[in-house]
Amino acid sequence: MRKICAFDFDGTLTRQDTLLAFIRYAKGTRAFLWGFLRHAHLLVLMTLGLYPNWKAKQRVFSYFFKGTEAEAFDRLCRQFAIDNSHLLRPEGVKTVEQAIAAGMEVLIVSASIDNWVQPFFPTVKVVGTQVEVRDDRLTGRFLTPNCYGQEKVNRLLALHPDRHAYHLTAYGDSRGDKELLAFADEAHYKPFRL
């Protein structure tokens, strides 16, 4: 039987949410704070469950990156990974490496934008939220549904539909991972926290 190991990224393999870290890295602290101040009402509504998570995330992402050249965005994502390797949890990286060495198929299944997740783990398949590009520029919209909650399971099943053909181990740390963890044969919740 094949063995698949699926990891959440933010909070599981990293010490913090990378969307916030990436925006601050790309735009600077002042623009970061101003942008979040402008969207504070949406973030409060989202926290109260009155505004969809994906919609708030897309609005914030669009505010900061709509119109950015796709190639420039990818370069920025690669540099972000190089300059922010300290965000990775050493035990998480070690577990990814051990799973690869054991011959498991390793996936990172993340609500984060796959453009900046992939450079942290260039040899691992990343299943993340994808951004829409038209005429070589980011539109500010997501091409795929936000890879959060049940969407993590949906995306895994799209890659590997025959669920009985593999053993699934999953690692996660938040509400957005609960469906994936419940779907797994072996689940690890907040495994790398001290």
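(A) Geometry of the overall build of the protein chain. Counting its regular elements, the protein chain contains 9 helices and 7 strands. Its C-alpha atoms give the protein chain principal-axis dimensions of roughly 50 × 40 × 35 Å. In the protein chain, buried positions account for 47% of the 194 residues. Nonlocal contacts in the protein chain, meaning residues at least 24 apart in sequence, comprise 64% of its contacts between residues at least 6 apart. Carbon and sulfur atoms make up 54% of the accessible area of the protein chain, which amounts to about 10100 Å² in all. In the protein chain, which carries 26 positive and 21 negative side-chain charges, the distance between the mean positions of the two groups comes to 6 Å.

(B) Region of the structure containing the side chain of histidine 39. Of note, histidine 39 is situated in the loop between helix H2 (29–38) and helix H3 (40–47). Overall, histidine 39 belongs to the buried group, its relative accessible area being 7%. Setting aside chain neighbours within four positions, we find histidine 39 in contact with Arg59, Val60 and Tyr63.

(C) Structural detail: the packing of aromatic side chains. In this structure the tally under the stated criterion is 18 aromatic pairs. With a centroid separation of 5.5 Å and 55° between ring planes, the pair formed by phenylalanine 9 and phenylalanine 120 is classed as tilted. Placement of phenylalanine 9 in the loop between strand S1 (2–7) and helix H1 (18–27) and of phenylalanine 120 in the loop between helix H7 (114–117) and strand S3 (125–129) is noted, with a sequence separation of 111 residues between them. Aromatic side chains phenylalanine 61 and phenylalanine 65 sit 5.1 Å apart centroid to centroid with 40° between the ring planes, which places their arrangement in the tilted category. On the criterion of helical spacing, the pair formed by phenylalanine 61 and phenylalanine 65 is a turn pair, its members being 4 residues apart in helix H4 (residues 53–65). By relative accessible area, which is 1% here, phenylalanine 61 ends up buried. The ring of phenylalanine 183 carries arginine 163 above its face, with NZ or CZ at 4.9 Å from the centroid.

(D) Representation of the nonpolar core. By size, the foremost hydrophobic cluster in this structure holds 38 residues, and its most contacted members are Phe7, Phe61, Phe73, Ile108, Trp116 and Phe121. In terms of residue count, helix H5 (residues 70–83) provides more of this core than any other element does, 5 residues in total. The contacts of isoleucine 108, once residues within four sequence positions are left out, are Phe7, Phe9, Leu13, Val117, Phe121, Val124, Lys125, Val126 and Val127. By size, the runner-up hydrophobic cluster in this structure holds 13 residues, among which are Leu107, Ala170, Leu181 and Ala184.

(E) Quick peek at the packing of H2 against H3. Their axes nearest at 4 Å, the elements H2 and H3 cross at an angle of 60°. As far as their axial angle goes, H3 and H2 are oblique. Contact residues: Phe36, Leu37 and Arg38 in H2; Ala40, His41 and Leu43 in H3. Of the residues in the contact of H2 with H3, the class split is 4 nonpolar, 1 polar and 1 charged.

Conventions and cut-offs
Here the residue numbering is sequential within each chain, running from 1 through the sequence in written order. The predicted nature of this model means local features are confined to residues of pLDDT at least 70 and side-chain atom pairs, given and counted, to a pLDDT of 80 or more, with totals for whole chains, interfaces and linings taken over all residues. The side-chain quantities take in all heavy atoms of the structure and omit both hydrogens and water. A run of H or I in DSSP counts as a helix once it spans at least four residues, and a run of E counts as a strand once it spans at least two, with each numbered from the N terminus. Categorising residues by exposure relies on relative accessible area from a 1.4 Å probe, with only protein chains included: less than 20% of the type maximum marks a residue as buried, more than 50% marks it as exposed, and the intermediate range marks it as partly exposed. Contacts are residue-level and defined by heavy atoms, with any inter-residue pair within 4.5 Å sufficient. In short, Shrake-Rupley with a 1.4 Å probe defines the accessible areas, and a residue's cover is counted only from the protein chains shown. Charge assignment in this entry is limited to Lys and Arg as positive and Asp and Glu as negative, and neither His nor the chain termini are counted. The atom standing in for a charge is NZ when the residue is Lys, CZ when it is Arg, CG when it is Asp and CD when it is Glu. Each Phe, Tyr or Trp ring (for Trp, its six-membered ring) is paired with any other whose centre lies within 6.5 Å, and the angle between the two planes then decides the class: stacked below 30 degrees, edge-to-face above 60, tilted in between. Put simply, a charge is over a ring when the Lys NZ or the Arg CZ is close to the ring centre, within 6 Å, and near the line of the ring normal, within 35 degrees. What we call a nonpolar core is a set of buried Ala, Val, Leu, Ile, Met, Phe, Trp, Tyr and Cys residues that are connected through their side-chain atoms within 4.5 Å. An axis is simply a line fitted to the C-alpha atoms; with a helix, the fit covers only the stretch in contact. Between two such axes, the angle follows the N-to-C directions and lies from 0 to 180 degrees. Any angle that is under 35 degrees is reported as roughly parallel, and any over 145 degrees as roughly antiparallel; angles of 65 to 115 degrees are reported as roughly perpendicular and all others as oblique. Each residue is assigned to one of three groups, with Ala, Val, Leu, Ile, Met, Phe, Trp, Tyr, Cys and Pro labelled nonpolar, Asp, Glu, Lys and Arg labelled charged, and all others, Gly among them, labelled polar.

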